[in-house]
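# Coordinate analysis (summary)
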Amino acid sequence: MIILKLGGSVITDKRNPMSFKASVVNQIAIEIASVYRYKKIALVHGAGSYGHPLAQSYALKSDGNAAIRQLGVAKTHCAMLRLSAQIADIFLSHDLPIYPLTASSIFILNQTEVSLSWDNVINDLLQKNYIPLLSGDTAMALDKDVDILSGDQIIAFLANRLKPEKVIFLMDIDGIYDRNPSLYSHAKLLHEIDMDTKIDFEMNAIDVSGGLKNKIEQAFKMPCPVFFINGNVQGAIAKAVQGKAVGSVVKRVLR
Ligand code: IPE
């Protein structure tokens, strides 16, 4: 079984609010259709330009006016539902049995971490050969009213629960670089990453869930190899599934 993250920067244009990249998602669905013949797959998608700008403009990470905040939470959640529905429609057009689930109905947070979950349905769907689709979301929290639940946190939790053979993150660049490649032309692609790898996490897009740093921290919590590959490059998913050299791989180092 494989868990695949459709990163927000791959499926949306992060510079323009609510811009869905249908042709990229279509290409990804075609690739997944060939993998699905021999592997169980769970999908988690990010928020990109659907969730981050809303969460940012309503300051969901800080405590503001309760009524305004509440509206921001509802708007962000509904934007994520709309994004999930568009992804699902494309997968269905390729006859893939995708099954969208709402993360905030499954997970409750405490101190930003998943604290309670009702996730049996995900395993059940996988056993019955569906492709469960979850997404980053707003979620109820025990320590505050509501918090942001990133797709990366969902994956870290599910990886420990479902023990996939690998996790694959689709990004809009070729993998993890030692510094931001859109700011530094001499940035180097890191083929293997361990706890000692030095990375400069300078960001250049709105991201309320911790960006690349959070992704890599979550990757170290997973009990399997974690691939970071370019979701725009045809054939990259198949290579990662087959364990061929592609993108960057984080291998858990037990200390
Ligand atoms: C963020 O999810 C969730 C919200 C802002 C509601 P992710 O952190 O998984 O999204 P991307 O992949 O960075 O866009």
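Structure shown above.
No experiment lies behind these values; they were computed from the predicted model shown.

Right, let's talk about the overall build of the protein chain for a bit. A count of helical and extended segments in the protein chain gives eight helices and twelve strands. The C-alpha atoms of the protein chain give a radius of gyration of 17 Å, which matches the 18 Å a tight globule of 255 residues would have. The C-alpha extent of the protein chain, read off along each of the three principal axes, is 50 × 45 × 40 Å. Burial analysis of the protein chain (255 residues in total) assigns 51% to the buried set.

We now examine the packing of aromatic side chains. A full pass over the atoms with the stated rule returns three aromatic pairs. Pairing Y99 with Y130 gives two aromatic rings, centres 5.7 Å apart and planes at 80°, and the pair type is edge-to-face. Of the two residues, Y99 is situated in strand β3 (residues 98-100) and Y130 in the loop between α5 (120-127) and β6 (131-135); the sequence distance between them amounts to 31 residues. Taking the relative accessible area as the measure of exposure, Y99 reaches 39% and is therefore partly exposed. Ring geometry for F107 against F157: centres 5.5 Å apart, planes inclined by 75°, an arrangement best described as edge-to-face. Residue F107 is located in strand β4 (residues 107-110), and its partner F157 is located in helix α6 (residues 151-162); the two are separated by 50 residues in the primary sequence.

Glycine aside, residues mostly have negative phi, and peptide bonds are mostly found in the trans state. In this structure, T112 takes a positive phi of about 70° despite not being glycine. Take T112: it is sitting in the loop between β4 and β5 (113-117). Owing to a relative accessible area of 35%, T112 belongs among the partly exposed residues under this scheme. Its identity is not glycine, yet K163 carries a phi of approximately 50°, on the positive side. The residue K163 is located in the loop between α6 and β9 (166-171) in this model. Residue K163 is classed as exposed on the basis of its relative accessible area of 55%.

All chains considered together, the criterion is met by one cavity of 30 Å³ or more. Taken as a whole, the largest cavity spans an internal volume of roughly 30 Å³. Every residue along the wall of the largest cavity is listed here: I2, L4, I32, V35, I41, I237 and V241. Of all the secondary-structure elements, those providing two or more residues to the lining of the largest cavity are β1 (2-6), α2 (22-36) and α8 (236-241). Looking at side-chain class alone, the lining of the largest cavity contains seven nonpolar, no polar and no charged residues.

The next thing to look at is the environment of I199. Mapped onto the elements, I199 comes out in the loop between β10 (192-193) and α7 (211-220). It is 7.3 Å that separates the C-alpha atoms of I199 and Y177, two residues lying 22 residues apart in sequence. For I199, the residues in contact, after removing those within four places along its chain, are I176, Y177, D178, L190, I193 and I216.

To continue, consider the pattern of salt bridges. This structure, assessed with the given rule, holds 13 salt bridges. Here D124 and K128 are joined by a salt bridge, their closest N and O atoms 3.4 Å apart. Residue K128 is classed as exposed on the basis of its relative accessible area of 54%. Here K144 ties to D147 by a salt bridge, and the two come within 3.7 Å at their closest N and O atoms. Overlapping salt bridges, with partners in common, bring together K5, D152 and K215 in one network.

This part takes up the nonpolar core. In this structure, L43, I87, F91, I168, L170, I229 and I237 are the most contacted members of the largest nonpolar core, which totals 45 residues. Examining the composition of this core, we find that eight residues originate from one element, helix α4 (residues 66-93), more than from any other.

A large share of helix α3 (residues 48-57) lies buried, amounting to seven of its ten residues. The secondary structure elements touched by the buried residues of α3 are α1 (8-11), α4 and β8 (146-149). Just past α3, the residue A59 takes up positive phi, approximately 50°.

So, how was this worked out
- Residues numbered from 1 in each chain as written.
- Predicted model: local features only at pLDDT ≥ 70, side-chain atom pairs only at ≥ 80, totals over all residues.
- Heavy atoms only, no water.
- Helix = DSSP H or I, 4+ residues; strand = E, 2+ residues; numbered from the N terminus.
- Rg over C-alpha atoms; globule rule 2.2 N^0.38 Å.
- Buried < 20%, exposed > 50% of the residue type's maximum accessible area, 1.4 Å probe, protein only.
- Phe/Tyr/Trp six-rings, centres within 6.5 Å; stacked < 30°, edge-to-face > 60°.
- 1 Å grid on protein atoms, 1.4 Å probe; cavity = no way out; pocket = protein on both sides within 12 Å on 5 of 7 lines; lining within 4 Å.
- Points joined across faces, edges and corners; volume = space filled by probe spheres on them.
- Nonpolar A, V, L, I, M, F, W, Y, C, P; charged D, E, K, R; others polar.
- Contact = heavy atoms within 4.5 Å.
- Salt bridge = Lys/Arg side-chain N within 4 Å of Asp/Glu carboxyl O.
- Core = buried A, V, L, I, M, F, W, Y, C linked by side-chain atoms within 4.5 Å.

By themselves, these figures tell us nothing about what the structure is for.
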